[in-house]
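Examination of the molecular architecture
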Amino acid sequence: MLENRFKTKLIKEIESLVPGCIVVHLDPNEIQGIPDLLVLYNNQWAALEVKKNMNASRQPNQEYYIYMMNQMSFATFIYPENKEEVLHELQIAFRP
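Calculation notes
- Residues numbered from 1 in each chain as written.
- Predicted model: local features only at pLDDT ≥ 70, side-chain atom pairs only at ≥ 80, totals over all residues.
- Heavy atoms only, no water.
- Helix = DSSP H or I, 4+ residues; strand = E, 2+ residues; numbered from the N terminus.
- Rg over C-alpha atoms; globule rule 2.2 N^0.38 Å.
- Buried < 20%, exposed > 50% of the residue type's maximum accessible area, 1.4 Å probe, protein only.
- Contact = heavy atoms within 4.5 Å.
- Arc of directions from axis to C-beta.
- Expected span 1.5 Å × (residues − 1).

1. Description of the overall build of the protein chain
- Helix and strand counts for the protein chain come out as three helices and four strands.
- Starting at the N terminus and walking to the C terminus, you meet the elements of the protein chain as α-β-β-β-α-β-α.
- Rg of the C-alpha trace for the protein chain: 12 Å, near the compact-globule value of 12 Å for 96 residues, within the 12% margin.
- Dimensions of the protein chain, computed from C-alpha atoms along their principal axes, come out at roughly 35 × 30 × 20 Å.
- Here the protein chain holds 96 residues, and the buried ones make up 39% of them.
- Summarising the internal contacts of the protein chain: among those between residues at least 6 apart in sequence, 53% fall at separations of at least 24.

The following block contains the structure:
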């Protein structure tokens, strides 16, 4: 599956799982390595770097930003092979 196709379906699934959230696609040209998606929900947020599969290459700084942003809130790589686990973790992270 192409990354963009997976990302489009993923956004719809997140919006369904977390009603009222806002999913924003971030511009990688502004900050190289910044995650693809920012999920805003109430006073919480999560950052997700979308990959087409678990073996897809990672760009410079992606590991750094995922680590740094995960220390602040919730951030991780997501791909078809770990999607269910990550979405479950996201729902837990967004619980009041």
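Here the narrative resumes.
2. Overview of helix α3 (residues 83-93)
- Listed as buried for α3 are Lys83, Val86, Leu87 and Leu90. Buried residues of α3 fall within an arc of 100 degrees about the axis and therefore sit on the same side. Those residues of α3 that are exposed and aimed more than 90 degrees away from the buried face are Glu84 and Glu85.
- Tucked into the core, α3 has its buried residues touching α1 (3-17), β3 (44-50) and β4 (74-78).

3. Here's the deal with α1
- Under the 1.5 Å per step criterion, the end-to-end length of α1 is 20 Å for 15 residues, consistent within 8% with the ideal 21 Å.
- All buried positions along α1 are accounted for by Phe6, Lys7, Leu10 and Ile14. Along the long axis of α1, the arc covered by the buried residues comes to 95 degrees, so they all point the same way. In α1, the exposed positions that point more than 90 degrees away from the buried face belong to Asn4, Arg5, Lys12 and Ser16.
- Elements that come into contact with the buried residues of α1 comprise β1 (22-25), β2 (37-41), β3, β4 and α3.

4. Focus: the side chain of Asp36
- As for its placement among the helices and strands, Asp36 is situated in the loop between β1 and β2.
- When its relative accessible area of 9% is taken as the criterion, Asp36 is described as buried.
- For Asp36, the contacting residues outside a window of four places in its chain are Glu3, Lys7, Val24, His25, Leu26, Leu48, Glu49 and Val50.

5. As for the side chain of Lys7
- Relative to the elements of secondary structure, Lys7 occurs in helix α1.
- The exposure class of Lys7 is buried, given its relative accessible area of 7%.
- Beyond its immediate stretch of four places on either side in the chain, Lys7 contacts His25, Asp36, Leu37 and Val50.

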